Amino acid sequence: STGKSLAALWIAGTLAMRGIPVLYCDWEFSAAEQRKRFRRLFGEMPASVHYARCDRPLTRDADRLARMVQDLDIQYAIADSIGFAADGPAETHEVAMRYFEGIRRLGIGTLSLSHIAKHMEEGQQPTAFGSVYFRCGARSMWFMQQSQANPEHEIRVGLYHHKTNLGPKLPARAYALRFMRERITVDRIDIYTVPDLAALLPLPDRLLHLLRDEGERTVKQIAEQLAVTQKAIYAVVAKHRREFRKSGETIAISELQEPSQGLPPQEDDKIEF
């Protein structure tokens, strides 16, 4: 219900428009329904987006998909989703290892979608089916969250980079999926304009954004505006002395501060992922 599959289809179309042949491996939907959604996103599906309906676990279907990758010169694949592609209980390490073995047999870059555990302990990051093994196996992991307060005919989602083995984490970002009669549009929006999505950002980023917008504030004012404890604010300031300076009970931005992850997007990066 967060719009993961629709976002994945949009990513496939965006890559195809950049000349990258994509294979959409679908364990959940159907070719006819996906084509309808694709037409609403982009018009007719281009020849560089290829569809594979999958009815068997990935471990039993990897050879067929690998042949499609080779025959069609595919450069990127999307697997939707892990829960149906897994060959057993997805929360077990054996199943996770076999899933990644199947993915590696494709020999190209991939995006795998998954559901998260319904029950998480407070303070823990969400994981695929509550399994640490999918987190360990992935080189990059994004968490997608839908806002609970959406305008009519619109879904606002936030994407948060929780893990990367390939460099620094990328900034969080937000998108508006707008559902019109004949079209679906996907536009980059400022994550700070959606309070419940902004609340999932790291506290240092939220504090930096607040002080940039409103100037120096007392610890009490900041705690009230960000809905956190004063103790949490003190801890952030103490840990990030390059970004913040404290004078008595007042907090301001330091002249040495580094750019925030949560800055509003530029006009030319609306469809960047």
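Heads up: the structure comes first, above all this text.
Below you will find a few notes about this structure. (Residues numbered from 1 in each chain as written. Predicted model: local features only at pLDDT ≥ 70, side-chain atom pairs only at ≥ 80, totals over all residues. Heavy atoms only, no water.)

Some points on the overall build of the protein chain
So, step 1. Summing up its helical and strand segments, the protein chain has 10 helices and 11 strands in all.
So, step 2. Counted over contacts in the protein chain with a minimum sequence separation of 6, partners at least 24 positions apart contribute 61%.
So, step 3. Surface exposure of the protein chain reaches about 15000 Å², of which carbon and sulfur atoms provide 51%. (Helix = DSSP H or I, 4+ residues; strand = E, 2+ residues; numbered from the N terminus. Contact = heavy atoms within 4.5 Å. Areas by Shrake-Rupley, 256 points an atom, 1.4 Å probe, with all protein chains shown as cover.)

Thoughts on the packing of helix α8 (residues 203-214) against helix α10 (residues 230-239)
Helix-helix packing: each pair is described by the crossing angle between the helix axes and the interaxial distance.
So, step 1. Running from amino to carboxyl end, α8 crosses α10 at an angle of 90°, the nearest separation of the two axes being 10 Å. The pairing of α8 with α10 is recorded here as roughly perpendicular in orientation. Touching Leu203, Pro204 and Leu207 of α8 are Ala232, Ile233, Val236 and Val237, all from α10.
So, step 2. Counted by class, the contact of α8 with α10 contains 7 nonpolar, no polar and no charged residues. (Axes fitted to C-alpha atoms, helices over the stretch in contact; angles between N-to-C directions. Parallel < 35°, antiparallel > 145°, perpendicular 65-115°, else oblique. Nonpolar A, V, L, I, M, F, W, Y, C, P; charged D, E, K, R; others polar.)

Examining the pattern of salt bridges
So, step 1. One pass over the full model with this rule turns up 10 salt bridges.
So, step 2. With a shortest N-O distance of 3.5 Å, Lys36 and Glu33 are connected by a salt bridge. One end of the pair is Lys36 and the other is Glu33, both in helix α2 (residues 31-42) and 3 residues apart, which spans about a single turn.
So, step 3. For Glu33, a relative accessible area of 32% corresponds to the partly exposed category.
So, step 4. Note that Arg217 is salt-bridged to Glu214, the shortest N-O span being 3.1 Å.
So, step 5. Residue Glu214 is classed as partly exposed on the basis of its relative accessible area, which comes to 36%. (Salt bridge = Lys/Arg side-chain N within 4 Å of Asp/Glu carboxyl O. Buried < 20%, exposed > 50% of the residue type's maximum accessible area, 1.4 Å probe, protein only.)

Some remarks on the side chain of Glu154
So, step 1. The residue Glu154 is located in strand β6 (residues 154-164) in this model.
So, step 2. Excluding anything up to four places from it in sequence, Glu154 contacts Ala176, Leu177, Arg178 and Phe179.

Considerations on the sheet that holds strand β11 (residues 250-253)
So, step 1. One open sheet accounts for 3 strands, arranged β9-β11-β10; its pairing is antiparallel. Across the chains shown, the open sheet's two edge strands, defined by having one partner strand only, are β9 (217-218) and β10 (244-247).
So, step 2. Alignment of β9 against β11, held across 2 bridges, turns out to be antiparallel. In the strand pairing of β11, Thr218 is matched with Thr250. (Pairing = 2+ DSSP bridges.)

Some details on helix α3 (residues 58-71)
So, step 1. Here α3 is 14 residues long and its end C-alpha atoms lie 19 Å apart, about the 20 Å a rise of 1.5 Å per residue gives.
So, step 2. At Arg64, α3 shows its maximal kink, close to 30°.
So, step 3. If you check which residues of α3 are buried, you get Leu58, Asp61, Ala62, Leu65, Met68 and Val69.
So, step 4. At its buried positions, α3 is contacted by β1 (22-26), β2 (49-53), α4 (82-85) and α5 (93-106).
So, step 5. Immediately downstream of α3, the backbone of Asp73 shows phi near 55°, a positive value. (Expected span 1.5 Å × (residues − 1). Bend = angle between axes of the 7 residues up to and from the residue.)

A look at the sheet that holds strand β3 (residues 76-80)
So, step 1. Strand order across the open sheet formed by 4 strands is β2-β1-β3-β4, with parallel pairing between neighbours. Each edge of the open sheet is held by one strand with a lone partner, namely β2 and β4 (109-112). In this sheet, neighbouring strand axes are inclined to one another by 20° on average, regardless of whether the strands run parallel or antiparallel.
So, step 2. Two elements, β1 and β3, share 5 bridges in a ladder whose sense is parallel. Bridge pairing in β3 links Val22 to Tyr76.
So, step 3. Packing against the sheet, helix α1 (residues 4-17) makes contact with β1, β2, β3 and β4, and its axis sits at approximately 160° to β1.

Things to note about unusual backbone geometry
So, step 1. In the segment running from Asp80 into Ser81, the intervening peptide bond is cis, with an omega of 5°.
So, step 2. With respect to the helices and strands, Ser81 occurs in the loop between β3 and α4.
So, step 3. Phi at Asp73 is positive, roughly 55°, even though this residue is not glycine.
So, step 4. Within the secondary structure layout, Asp73 lies in the loop between α3 and β3.
So, step 5. At His153, a position not held by glycine, the phi torsion is positive, near 60°.
So, step 6. Relative to the elements of secondary structure, His153 occurs in the loop between β5 (140-146) and β6.

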